[in-house]
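Here is what each chain is made of, one letter per residue.
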Amino acid sequence: MNKRIGTLVAAVLLGALGVPGPAAAQDGSYLQGVGAVNAAMGGAGVAATTGVLGGFHLNPATLMAYDGSRLEFGFAFRDPSLAVASERGGVSGVTESSDVSSFLSSMGASYRVSDRVALGLGILETGGFKADYPVTPANPVLAPQPEGLGSVRTEFESVQITPTIAIAVSDRLWLGGSLTVNRASLALQPFLFQAPVTSPGFGSPFDRSHFSSALAGDTRVGVGFLGGLVWNINDMVSVGASYNSERTFGTFEFSSVNANPNQLSFGLRRPLSLDLELPAVLAGGVSAMMLPDLMVAADARYLFYEDAAGFAAAQAVVQTDGSIDGLGWENALVIAVGAQYRLSDAVLLRGGYNDADNPVPDELATINVGTASIIEKRLSFGIGWRPERRFEVSASYTRGFENSGAGTLSGGFLDGVSVTNTQSENTFALQFTLGSRGL
């Protein structure tokens, strides 16, 4: 047993070397689904057996569903489309983000120790955002500083390691728990969380506000937990629930410089800092075998952004010194539904739909130009092929339909600028699953 566990752990850790860039189709800052199977079902999986990758992401108790050992590798290509439009004083423009497509990977392994205990380890990309807008003089929000924000570039990613245990309290009730160790990296330009350097005496606030850059980035580690349960009411219907705790990364620290050329201290070192947390997630779900070959699943998840540092903000988002107190994101409800149909012993068809609240208030579109994860509706399709009972190749496609958020900021050096953020995306995923006792 120890040799098998060691082999699985080594495979997962080696595979982690390939985990790159920011996340794919998302609910706010979290992935819609992890792995092609979970993603194809719209991200539903709190009470459904959508693979160990989906279990590490949503509910560790589901690991009890798999006999023997199981190893999964997931790969995805995310191709988003981002644009920002703005208007001020009759001047307006639209700018598309530079290419921010990325390749992603996740991997996980589980081992059924006994009839009552299963162990697992996963390394997953859990969320993030990315944008790259060049300086655009004709687009007021992207005009060169100090008239606008200048070049806007952001990149946030979080990779999670999840050592997991699942226990069958009885044949019907399963419990699971994971220690969640998150490694997060963050880079921002301009850095709005600290006051701009001003030049008193100029005639307009647009002449004197220069924000520094935090593109040098910083990386921090946060620890939390994911706990869940599954109650198999009968052989057809199961219900589940899970809670993913808030992850606190402490203070990100960035080495930067004074960006105001009108100051004698221009170009001199200026340290920047930001406290950041990933929000807690409360989830519930149900799955049912509607027909011998048809499984359906539905989840509801609630994301607590209003309690997460960095995402949350006080009532006055824009402070008197010109900085922002936070991104001002609101709590969000996510509904995910999915289905899997076994067409034959070798072929499985999957589909799903995901509907998420937009956590970014319209009136805060300006300060969320680089961080807006605003897609609300996604449709997914997938197929699984099992050439033999111990191996499956799964593929999925997710379309995030275009959504926009528009508003006018009150306060700060961009007071009165009307901004519209627009986002859509396509995500393609591939997953390989191996099971020692069949799938």
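What you see is a predicted model; the values in this text were computed from it and never measured.

Structural notes on the overall build of the protein
Reasoning step 1: Within the protein, the regular secondary structure consists of 3 helices and 19 strands.
Reasoning step 2: Since a compact globule built from 439 residues should have a radius of gyration of about 22 Å, the 23 Å found for the protein is in line with a globular shape.
Reasoning step 3: A principal-axis box enclosing the C-alpha atoms of the protein has dimensions of 75 × 40 × 35 Å.
Reasoning step 4: Split into buried and exposed, the 439 residues of the protein put 56% on the buried side.
Reasoning step 5: Pairs at least 24 apart in sequence give 70% of the contacts found in the protein among residues at least 6 apart.
Reasoning step 6: Split by element, the accessible area of the protein, about 17,100 Å² in all, is 59% carbon and sulfur.
Reasoning step 7: Side-chain charges in the protein split into 26 positive and 39 negative, and the spacing between the mean points of these groups amounts to 11 Å.

Some details on the packing of aromatic side chains
Reasoning step 1: In total, this model carries 14 aromatic pairs according to the counting rule given.
Reasoning step 2: Taken together, a centroid distance of 5.5 Å and an interplanar angle of 55° make the contact between Phe 191 and Phe 254 tilted. Remark: Phe 254 occurs in strand β11 (residues 247–257) and Phe 191 occurs in the loop between β8 (173–189) and β9 (214–232); sequence separation between them is 63 residues.
Reasoning step 3: Taken together, a centroid distance of 6.5 Å and an interplanar angle of 15° make the contact between Phe 391 and Phe 432 stacked. With Phe 391 in strand β18 (residues 391–408) and Phe 432 in strand β19 (residues 418–435), the pair connects residues that are 41 residues apart, well separated along the chain.
Reasoning step 4: Looking at Phe 432, the relative accessible area reads 27%, which means it is partly exposed.

Some thoughts on the confidence of the model for the protein
Reasoning step 1: Per-residue confidence for the protein gives a mean pLDDT of 88, with 92% of residues at or over 70.
Reasoning step 2: Across the protein, element-level confidence peaks in strand β10 (residues 237–244) with a mean pLDDT of 97 and bottoms out in helix α1 (residues 2–15) with 43.
Reasoning step 3: The low-confidence segment residues 1–24, where pLDDT is below 50, has 58 contacts with residues more than four positions distant or belonging to other chains.

Brief notes about the environment of Gly 267
Reasoning step 1: Topologically, Gly 267 is positioned in the loop between β11 and β12 (269–278).
Reasoning step 2: Taking the C-alpha atoms as reference points, Gly 267 and Ser 212, separated by 55 residues in sequence, lie 9.9 Å from one another.

Some remarks on unusual backbone geometry
Reasoning step 1: In this structure, the amide linkage connecting Gln 145 to the following residue, Pro 146, adopts the cis form with an omega of 10°.
Reasoning step 2: Omega for the bond connecting Gln 189 with Pro 190 falls within 30 degrees of zero, at -5°, which places this linkage in the cis form.
Reasoning step 3: Examined against the element boundaries, Pro 190 turns out to sit in the loop between β8 and β9.

Some remarks on the pattern of salt bridges
Reasoning step 1: Across all of its chains, the model carries 13 salt bridges by this definition.
Reasoning step 2: Among the salt bridges present, the one from Arg 116 reaches Asp 171, with a minimum N-O distance of 3.5 Å. With Arg 116 in the loop between β5 (102–112) and β6 (117–133) and Asp 171 in the loop between β7 (152–168) and β8, this pair connects stretches of sequence that are 55 residues apart.
Reasoning step 3: Note on Asp 171: relative accessible area 62%, which makes it exposed.
Reasoning step 4: Asp 218 is the salt-bridge partner of Arg 220, the closest N and O atoms lying 2.9 Å from each other.

A closer look at the environment of Ser 69
Reasoning step 1: Tracing the sequence through the fold places Ser 69 in strand β3 (residues 69–88).
Reasoning step 2: C-alpha separation for the pair Ser 69 and Ala 118, spaced 49 residues apart in sequence, amounts to 9.3 Å.

A closer look at the pairing of β8
Reasoning step 1: Examined bridge by bridge, β7 and β8 share 14 bridges and lie antiparallel to one another. Among the inter-strand pairings, Val 159 is bridged to a residue of β8, identified as Arg 183.
Reasoning step 2: Connecting the antiparallel pair β7 and β8 is a turn made up of 4 residues.

Notes on the pairing of β6
Reasoning step 1: For β6, the tally of buried residues reaches 13 of 17 residues, placing the bulk of the element in the interior.
Reasoning step 2: Pairing of β5 with β6, which is carried by 6 bridges, proceeds in the antiparallel orientation. Looking at β6, one finds that Arg 112 is bridged to Ala 118.
Reasoning step 3: In this structure, the hairpin formed by β5 and β6 is closed by a connection of 4 residues.

A look at the side chain of Ser 287
Reasoning step 1: Summarising the element assignment, Ser 287 is placed in strand β13 (residues 281–291).
Reasoning step 2: Each residue touching Ser 287, except ones within four places of it in the same chain, is listed here: Ala 47, Ala 48, Met 236, Val 237, Ser 238, Val 296 and Ala 297.

Examining a nonpolar patch on the surface
Reasoning step 1: On the surface, Val 113, Leu 119, Ile 165, Ile 167, Val 169, Leu 175, Leu 229, Trp 231 and Ile 233 cluster together to form a nonpolar patch covering roughly 690 Å² of accessible area.
Reasoning step 2: Counting residues per element, the ones that place at least two in the nonpolar patch are β7 and β9.
Reasoning step 3: One can find Val 169 in the loop between β7 and β8.

What to know about the environment of Pro 140
Reasoning step 1: Mapping Pro 140 onto the fold places it in the loop between β6 and β7.
Reasoning step 2: Setting aside its immediate chain neighbours within four residues, Pro 140 contacts Ser 86, Glu 87, Arg 88, Val 91, Ser 92, Gly 93, Glu 147 and Gly 148.

Rules used throughout
- For every chain, the first residue of the written sequence is number 1, and numbering continues from 1 along that sequence.
- pLDDT decides what is reported in this predicted model: residues at 70 or higher carry local features, side-chain atom pairs at 80 or more are listed and counted, and totals for whole chains, interfaces and linings draw on all residues regardless.
- Side-chain metrics rest on all non-hydrogen atoms present in the structure, leaving aside hydrogens and water.
- Strands here are runs of E lasting at least two residues and helices are runs of H or I lasting at least four, both read from the DSSP assignment and numbered beginning at the N terminus.
- For a compact globule the rule gives 2.2 Å times the number of residues to the power 0.38, and the radius of gyration it is set against comes from C-alpha atoms.
- Partly exposed describes any residue whose relative accessible area lies between the buried limit of under 20% and the exposed limit of over 50%, with all areas from a 1.4 Å probe on protein chains only and scaled to the type maximum.
- Here, residues are in contact when the closest pair of their heavy atoms is within 4.5 Å.
- For the area figures, the Shrake-Rupley method with a 1.4 Å probe applies, and any residue is considered shielded solely by the protein chains shown.
- In this count, Lys and Arg are taken as positive residues and Asp and Glu as negative ones, while His and the chain termini are left out.
- Every charge is mapped onto a representative atom, which is NZ of Lys, CZ of Arg, CG of Asp or CD of Glu.
- Two rings from Phe, Tyr or Trp (for Trp, the six-membered ring) form a pair when their centres are within 6.5 Å of each other. A pair whose planes differ by under 30 degrees is stacked, one over 60 is edge-to-face, and the rest are tilted.
- pLDDT is a residue-level measure of predictor confidence that goes from 0 to 100.
- In the sections that follow, a salt bridge refers to a side-chain nitrogen of Lys or Arg positioned within 4 Å of a carboxyl oxygen of Asp or Glu.
- Only strands that DSSP links by at least two bridges are regarded as paired with each other.
- Nonpolar side chains (Val, Leu, Ile, Met, Phe, Trp, Tyr) are joined into patches within 5 Å and like charges within 9 Å, using only residues with over 30% relative accessible area and no salt bridge.

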